Amino acid sequence: MTQIPPTLPLKALFDAQHHASRAQIDVPLAVRRDRLARLRALIETNAPALSDAIQADFGVRSRQLTEAADLFVLRAAIGQLLKELPRWMKSQRVATPLYLLPARAHIQRQPLGVVGVIGPWNYPLQLNLGPAATALAAGNRVLLKPSELTPHTSALMASLVQQAFSADEFSVVLGGADVAQAFSALPFDHLFFTGSTSVGRMVAAAAAANLTPTTLELGGKSPCVVDASCDLNTAAIKIAHGKLLNAGQTCIAPDYVLLPRGQEAAFEQAYAAAVAQLFPTIAGNPDYAAIVSDRHLARLTALLDEARAQGARVVDLSPSSGPTPASSRQMNPTLVFNPAPELRLMKEELFGPILPVLPYDTMDEAIAFINARPRPLAQYWFGTDSASRDRLLRSTVSGGVTVNDTLMHVAHEGLPFGGVGDSGWGSYHGESGFLRFTQQKPVLEQSRWAMGHLFYPPYGVRFDRVMGLLKRWL
């Protein structure tokens, strides 16, 4: 194993990985499994310390929340990679068309080379180490740039990865926006970014200069449609869980609810009861995460102030009916009824425990409302009317869907996860992620009995007869 100093400047570190990737094009199964095993051991051995680091970064975020939302998902992903890797690595036989017989064809699956991963702060283990694990499984070298908004977690990840991997295998680079800019400008073989749509545009533009292919996992306004056939009490607890996990700082959290007109009071009551069941207290409750920074909290507070000023009905659902201490940054769950379309909270991804509620009269109206906006990363539907459900699914486009629950499609490793349009492009998880970081090289093996000469010039009667026969067979 070549030892490359992890303190090398960014470009030199990239060059070392690039050289190593070209020196070892074929990465055997044993090497890939070893890298995944080291990553899994890193996570298992240091899970308490990693959870404590996240707690330090957020101020309030329990180990149990990190266990459920970060560590469990990572374990499941790495377990699937280790199990399925032998099958996914195999060359894939492809049927050969009649006019090319007796040639044979297959698709050879090879590593791309060096994969860059720019990760976010909201789930700093799952959304940084998850893509890195998949890229390693595909045989790549990985450079990871985690968020500067979780400095304790990012620094610990960097230290642990340095101990477990040589720098030309997998390395973590730290820094702020200036480092992220320089990172995006490197000529990676693939660049994977998770974050906001606005920053995603900048990452894509920087990568385009090198013709670097990208996967962008962005956010957006994910709608939650409550059908007239829905039991509100059953739906409310699942909507509240999806909205309030990590205090709403989840890219696929329900961003707004479309509700049959006339059910506003019943939904408010059901949602308030669900909040009280999940979080009997807010202030000081370790299960209810803090907003990550004062700046983010100030932004969310400003969104509510604007909504109130413009006449929306804002309902604070704190069990104590009072504000939480500003020092804790634990923001009360809030419903906002009938917000005007021009409000910032109806245009920006919320990333907090604010849930706008908008009434609709017909399913056509709800569908039109969704389709008039950028395509969302996720969409949710609640009800028992299968015809209504299928109509919504046929008539709208989103990155993913969970029916009669929230968030759960992301936990299914057999389903691709990714956005569409403004919510991103490309998908990962499971085999789709493995293939995202893999070059599928087509190979045609010509036979000594090949009849390709029948298509050679000079063209004449023989060529016309051959083409006539082929037209009848095609």
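A brief report on the enclosed structure follows. On a predicted model such as this, the values are computed, not experimentally measured, just so you know. The residue numbers shown here count from 1 along each chain, following its written sequence. In keeping with the model being predicted, local features are shown solely for residues with a pLDDT of at least 70 and side-chain atom pairs are shown and tallied solely at 80 or more, while totals for entire chains, interfaces and linings include all residues. The basis for the side-chain values is all heavy atoms of the structure; hydrogens and waters are excluded.

**Examining unusual backbone geometry**
- Residues L101 and P102 are joined by a peptide bond in cis, for which omega reads 5°.
- Structurally, the position occupied by P102 is in the loop between β1 (92-94) and β2 (104-111).
- Residue P458 is bonded to the preceding P457 through a cis peptide linkage, with omega at 5°.
- The topology assignment puts P458 in the loop between β18 (438-445) and α14 (461-473).
- Residue N246 is not a glycine yet carries a positive backbone phi of 60°.
- Following the sequence through the fold, N246 ends up in the loop between α8 (232-244) and β9 (256-260). Under the scheme used here, helices are H or I runs from DSSP no shorter than 4 residues and strands are E runs no shorter than 2 residues, and both carry numbers assigned from the N terminus.

**Observations concerning the sheet that holds β2**
- A pair of strands is considered paired only if DSSP assigns at least 2 bridges between the two. Read from one edge of the open sheet, three strands run β1-β2-β18, paired in antiparallel fashion. The open sheet has two edge strands, β1 and β18, and neither has a second partner. Sheet twist, expressed as the mean angle between neighbouring strand axes with direction ignored, is 30°.
- In this sheet, β18 lies alongside β2 in antiparallel orientation, the contact comprising eight bridges. From the neighbouring strand, Q110 faces β18, where its bridge partner is Q439. Here an axis means a line fitted to C-alpha atoms, over the contact stretch when the element is a helix, while the angle between two N-to-C directions is reported on a 0 to 180 degree scale.

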